[in-house]
Amino acid sequence: MVVTSPRTRAPRARRPYSGTREINEQSELGAVYMRTLIGAQRRLGLSVCLVTCGALALLPLLFTIEPELGKFRVFGLGLPWFLLCLATFPMLVLAGWFYVRQAERSEREFAELVERP
Amino acid sequence: MHDFLTAAAILVVGGVAVLVLWRGTRTKHALSTEAQRVTYETLHTAWSAAPPLRAGLVPDAAKKSARHLRTLLDTPALALTDETEVVAWEGVSEHHAAEAMTQAEDVFLTGRTQAFDIGCTEPNCPINCAVVAPLTVEGRVVGTLAAYSREASAGLVRATNQVARWAAGQLELAELDRSRTRLVEAEVRALRAQISPHFIYNSLSAIASYVRTNPERARTLLLDFADFTRYSFRRHGDFTTLAEELRSIDQYLALERARFGERLTVTLQVAPEVLPVTVPFLCLQPLVENAVRHGMEGKVEPGHIQIYANDGGAEAHITIEDDGIGMDPDKLRRTLAGQVDESAGIGLGNIDERLRRVYGDEYGLVVETALGLGTKITVRVPKYQAGINGM
Amino acid sequence: MTSGYAVVAVMVVVLGTILVGAYGLRVSRTTSDFYVASRTVSPWWNASAIGGEYLSAASFVGIAGLIFAYGPDMLWFPVGYTAGYLVLLTMVAAPLRRSGAYTLPDFAEARFRSRVVRGVASSLALAIGWLYLLPQLEGAGLTLNTVTGAPDWAGALVVTVVVTVNVMSGGMRSITFVQAFQYWLKLTAITVPIIFLVAVWQVRGADSLTEPEFPSFRQDTEVSFQRQATIHAEQEIVIRGTGVVDGERLEDRELLLTSGYHRIDGGSKFTFPKDAPVPHLSTMAHNTNESWSLPASSGADFPLYGAYSLIIATFLGTMGLPHVIVRFYTNPNGTAARRTTLIVLGLLSVFYLMPPIYGALGRVYTPELLMTGQTDAVVLVLPTRMIDGIGGQLLGALVAGGAFAAFLSTSSGLVVSLAGVLSQDVLRLGGVRGFRISAVLACLVPLAMTFVSTTMPVADMVGLAFAVAASSLCPLLLLGIWSPKTTTIGAVAGMLAGGVPALTAGLVTMFTDTGDSWYEILLSRPAAWTVPLGFTVMYVVSLATQKHVPAGVQRTMVKLHAPENLGLDGSGSSSSGQERS
């Protein structure tokens, strides 16, 4: 009769796999990691894009519904001229800057997530 | 009377029409005989089944080839198994797939083709029996091919046998492909380990000579040496970027310059657009080593090496040129043709072989050389290659 | 308008381009210092290069011309050309770079692993490239015609020859530094004159640009009509000169031009008196300077549809332009690609402040262009018109040089990328020889097209190229990058469903006269219906064919989205990879 401590047969605790390995081996867990990253980036990209471009795209409709708006003057310029020649460009750059900052931040977060399980 | 004439006319016209049609269909076949068409159909189907078989008995590829194999045998269902499981079931009645392994067991044990009677209880199932043939590669049964049909006939057994033999032949070729790949990989590993003892000895003694006179230089050289060897022994990945390969070349040349001093001059011209291009690992460094060896050997006057990496639209063009003793064109041709003769250049044949394997035959090395007239080696690399960049 | 200095400026630009092309490689880094040589291109340089290649004839002369003629509705062109980069930045830049693709067809193949998708993408890239080259050549013709009086085809021919020779001699391939320099040259060429012009305008009492009056001649002005024009006079004017009006031949005598429509034949030359209101082309609306400055003043049918179509085309079309995409390869990684795009956004924003000022000043100082229809020339004519003497001549020369630089750089970039597609996917000729043959072919096709196309504002033609890109390659990129469900069949169906109608509409407007038919706007501004069509078809067909999701899509997604520095490629860990092989 062979008797050993029950611990002999207990499953050994293994070091957890890193996310990097899970992704490279295309496990279900790796797919979850990737889905999270892609989802976050897609949400960020779409929201920056839709908010900025959507705001811009409202303008023609506004000017059609309320033609008087076109006669309104800002800094001596007609409102459409002011908005489209001056105001839009800084806004676009600002939106782009915000996006780049956020995207890089979420990539850093992701790197930390997968490298240190 | 009229009715009779009309009927006769219709009959005559109809008969002529049928005759013309019949002749017409016959003339269509005048282009090939029955035998030719059968040969074509069979070989075409077999040809379609071959490429996926070359990938071995893996599920995706096996599924593709099973479709064509079933066409060859004209059975309601066909299965391929490897030693442990059914890798492909093609056709109807997939519920029989579960039993396929038990039948395969028998074939694995005996190594012979066997027929099984499988009475099916389901009313519409067209399968009653199975003919299972072994797939034998290099004398070992690696899998089975099972043809399922309503009734087993001698014809089916014979045809199944023949198809299994043919498929086994393809699998054998797959094995050959794999071993050839393994060979090239082994060569790359060997190439990595091929930092010559001379080079190590020369580098270290050059570094040693600086330790007293110029400790700062000695320190940077030592770092270069460490980086260079670390890169060369790198384990992961068969590809790298041009930028990284150039960095390793730089470290290598720094060490060589420590040895040759002012005698070795290098001109480098790199279009920054091509730096991100993916290139096979260690496909340039050996060429530079070759240039240094040929450029400096057997002469006292200074040697000059020029390295260009130019942007060529969708390709990167890299040339490495020295003004040294040159190579014997015939010897070189033999090396590039795959005959081992290392004296003609360090790993030239291996690099040429790897470039051709990765990018296709038109992308092999182009060497311009003659004895005493220097050597110019041109490497072309496409900026994008499916399967390398686009994982 | 003809000016010796301007001719010299154009020649300097042309010669400079050839010389830089021939000797450019020698200027590029020759060194024995590896550290210097293997430094990758910084986002600033790369962004300048993208800007230099992107700012085309449409941007340099076309936008000002359209604003001058049709008012603030046209401001959507510069806004759209810039906002396109915001969409590119947020949805495409980093994943595209990470895909490792050099051209759009490469991306199609990398994502779908299918030669068919690649083939369709190649054909569309070719079509877009040619549509885009055409206005560059027309713009060059216009510029040369304005500064030297040479016939329209001469400029197109000069640009074609210079670009072909250059690309073939191996120069100007895609040298980042040369293209980067082009951006700063163009910015200088458009900014310096405008500073002087605004100063002059202020010094002369800053006449209001939006008076409730029709634009009028500031002095007795001799106008020569290059081609037949139907014009509308707001009031009776007494004109003098030689030519044919409404079929009646005049030989150097006066004529009372009644208010209403008149047809003036090409080759006519008339002098219009000072302070008379300027007649305008029949295709433009009857606008006073005040009504011109208000939205929806262009007089087009369905202005709202037109505006939205333009917005959709320009916002989404930028990412499908073949010469823009290849520049992203030069970035070392996805992060750098994003930063580059952000800088491009800034550089374009600065440049696009200028053209509207030219357009507005043109209403006061060069109103006769409204009548001859050469509205695109407003940028070129304005400096000499507003500033007398050598100063104006020099500024005019600067603008002309800048304009020519714009045609040359954009055309070179386009020809290089088109030649790449042609040699790889159509002719299947590799190496230097294949590239050269393709370059010639890439140039010849649009040159031939210039001879048969109808006259159409340069920026409008560019708008059509954008519309095709937005309806075909944009869905491919966006859905391909962000939806793993996109299938091979879906991709092909979507690209064809969006691209073919847009292309057909574009060709019909360019080569036939659709006139005033109600569907004219649907054809000349197709994006509003073809873009949704392309997206919907691609998505729906993909959902219906989920069995055909390309193999290894999971791995492709990892490759597209994972940051490079993590060493992720979804190809299995190194050890297991070796065991399997």
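Residues numbered from 1 in each chain as written. Chains lettered and ligands numbered in written order. Predicted model: local features only at pLDDT ≥ 70, side-chain atom pairs only at ≥ 80, totals over all residues. Heavy atoms only, no water.

Caption draft 1: Fine view of helix α4 (residues 57–70) of chain C. Residue and element names in this part refer to chain C. Here α4 contains 14 residues, and its C-alpha end-to-end distance of 18 Å stays within 8% of the 20 Å for a straight helix at 1.5 Å per residue. Maximum bend of α4: about 30 degrees, positioned at Ile63. Burial runs high along α4: 14 of the 14 residues are buried. At the exit of α4 stands Gly71, carrying a positive phi of roughly 85 degrees. (Helix = DSSP H or I, 4+ residues; strand = E, 2+ residues; numbered from the N terminus. Expected span 1.5 Å × (residues − 1). Bend = angle between axes of the 7 residues up to and from the residue. Buried < 20%, exposed > 50% of the residue type's maximum accessible area, 1.4 Å probe, protein only.)

Caption draft 2: Representation of the UniProt feature "transmembrane region" (unreviewed entry) in chain A within the structure. Residues and elements named next belong to chain A. The feature "transmembrane region" (unreviewed entry), as annotated in UniProt, sits at residues 44–65 and 77–100 in this numbering. For residues 44–65, helix accounts for 100% and strand for 0%, while the C-alpha atoms at its two ends are 31 Å apart. Summarising residues 77–100: 92% helix, 8% strand, and an end-to-end C-alpha distance of 32 Å. (UniProt positions renumbered as here; feature names shortened; annotations may be inferred.)

Caption draft 3: Structural detail: the packing of helix α5 (residues 76–98) of chain C against helix α13 (residues 334–351) of chain C. Residues and elements named next belong to chain C. Their axes nearest at 8 Å, the elements α5 and α13 cross at an angle of 170 degrees. In this view, α5 runs roughly antiparallel relative to α13, as classed from their interaxial angle. Counting all contacts with α5, which are made through Tyr81, Thr82, Tyr85, Leu86, Leu88, Leu89, Ala93, Ala94, Arg97 and Arg98, the residues of α13 involved are Gly334, Thr335, Ala337, Arg338, Thr341, Leu342, Val344, Leu345, Leu348 and Ser349. Across the contact of α5 with α13, the residue classes tally to 12 nonpolar, 5 polar and 3 charged. (Axes fitted to C-alpha atoms, helices over the stretch in contact; angles between N-to-C directions. Parallel < 35°, antiparallel > 145°, perpendicular 65-115°, else oblique. Contact = heavy atoms within 4.5 Å. Nonpolar A, V, L, I, M, F, W, Y, C, P; charged D, E, K, R; others polar.)

Caption draft 4: Up close: unusual backbone geometry. All names here are of chain B. Notably, Asp74 is not glycine yet its phi reads approximately 60 degrees, a positive angle. Summarising the element assignment, Asp74 is placed in the loop between α3 (59–73) and β1 (77–81). Exposure remark for Asp74: the relative accessible area of 69% places this residue in the exposed category. One non-glycine residue, Ser93, lies in the positive phi region at around 55 degrees.

Caption draft 5: Just the interface of chain A and chain C, in detail. Contacts between the two partners involve 48 residues from chain A, matched on the other side by 50 residues from chain C. Carbon and sulfur atoms supply 75% of the area that chain A and chain C bury against each other, a total of about 4,200 Å² over both sides. When the area that chain A buries against chain C is broken down by residue, the three leading residues are Asn24(A), Trp81(A) and Phe89(A), summing to 17%. Summed over the shared surface of chain A and chain C, the number is 3 salt bridges. A salt bridge links Glu107(A) to Arg338(C), with the shortest nitrogen-to-oxygen separation between them at 2.6 Å. In this assembly, chain A and chain C are joined by 7 residue pairs in polar contact (both at pLDDT 80 or more). (Buried area = accessible area lost by both parts, 1.4 Å probe. Salt bridge = Lys/Arg side-chain N within 4 Å of Asp/Glu carboxyl O. Polar contact = N/O pair within 3.5 Å; in protein donor to acceptor, adjacent residues only side chain to side chain.)

Caption draft 6: Representation of the side chain of Ser114(C). All names here are of chain C. Within the fold, Ser114 resides in the loop between α6 (104–112) and α7 (115–148). Residue classification places Ser114 among the buried positions, given a relative accessible area of 9%. A polar side-chain atom of Ser114 sits 3.1 Å from the main-chain amide nitrogen of Val117.

Caption draft 7: Main features of empty space enclosed by the protein. Within the structure shown, the criterion is met by 10 cavities of 30 Å³ or more. Taken together, 14 residues line the largest cavity, and the ones lying closest to its centre are Pro60(A), Asp73(C), Trp76(C), Pro295(C) and Ala296(C). Those elements that place two or more of their residues in the lining of the largest cavity are α2 (28–65) and α3 (79–115) of chain A together with α11 (303–317) of chain C. Considering every element that reaches the lining of the largest cavity, the biggest residue donor is α2(A), with 4 residues. Here the lining of the largest cavity is composed, by residue class, of 12 nonpolar, 1 polar and 1 charged. (1 Å grid on protein atoms, 1.4 Å probe; cavity = no way out; pocket = protein on both sides within 12 Å on 5 of 7 lines; lining within 4 Å. Points joined across faces, edges and corners; volume = space filled by probe spheres on them.)

Caption draft 8: Representation of the packing of aromatic side chains in the model. All names here are of chain C. Per the stated rule, a full pass over the model turns up 16 aromatic pairs over all chains. Where Tyr54 meets Tyr81, the ring centres are 6.4 Å apart and the plane angle is 85 degrees; that geometry is what we call edge-to-face. Of this pair, Tyr54 sits in helix α3 (residues 43–54) while Tyr81 sits in helix α5, and the two are 27 residues apart along the sequence. Each member of the pair, Tyr54 together with Tyr81, is buried. (Phe/Tyr/Trp six-rings, centres within 6.5 Å; stacked < 30°, edge-to-face > 60°.)

Caption draft 9: Quick look at the sheet that holds strand β5 (residues 140–149) of chain B. All names here are of chain B. With respect to topology, 5 strands assemble into an open sheet ordered β2-β1-β5-β4-β3, the strand pairing being antiparallel. Because the sheet does not close on itself, it has two edges, and the strands there are β2 (86–91) and β3 (114–117). On average, each strand axis in the sheet is inclined to that of its neighbour by 20 degrees, with strand direction left out of account. Sheet topology places β3 next to strand β4 (residues 129–137); 4 bridges connect them, and they run antiparallel. Directly across from Asp117, in β4, lies its bridge partner Cys129. (Pairing = 2+ DSSP bridges.)

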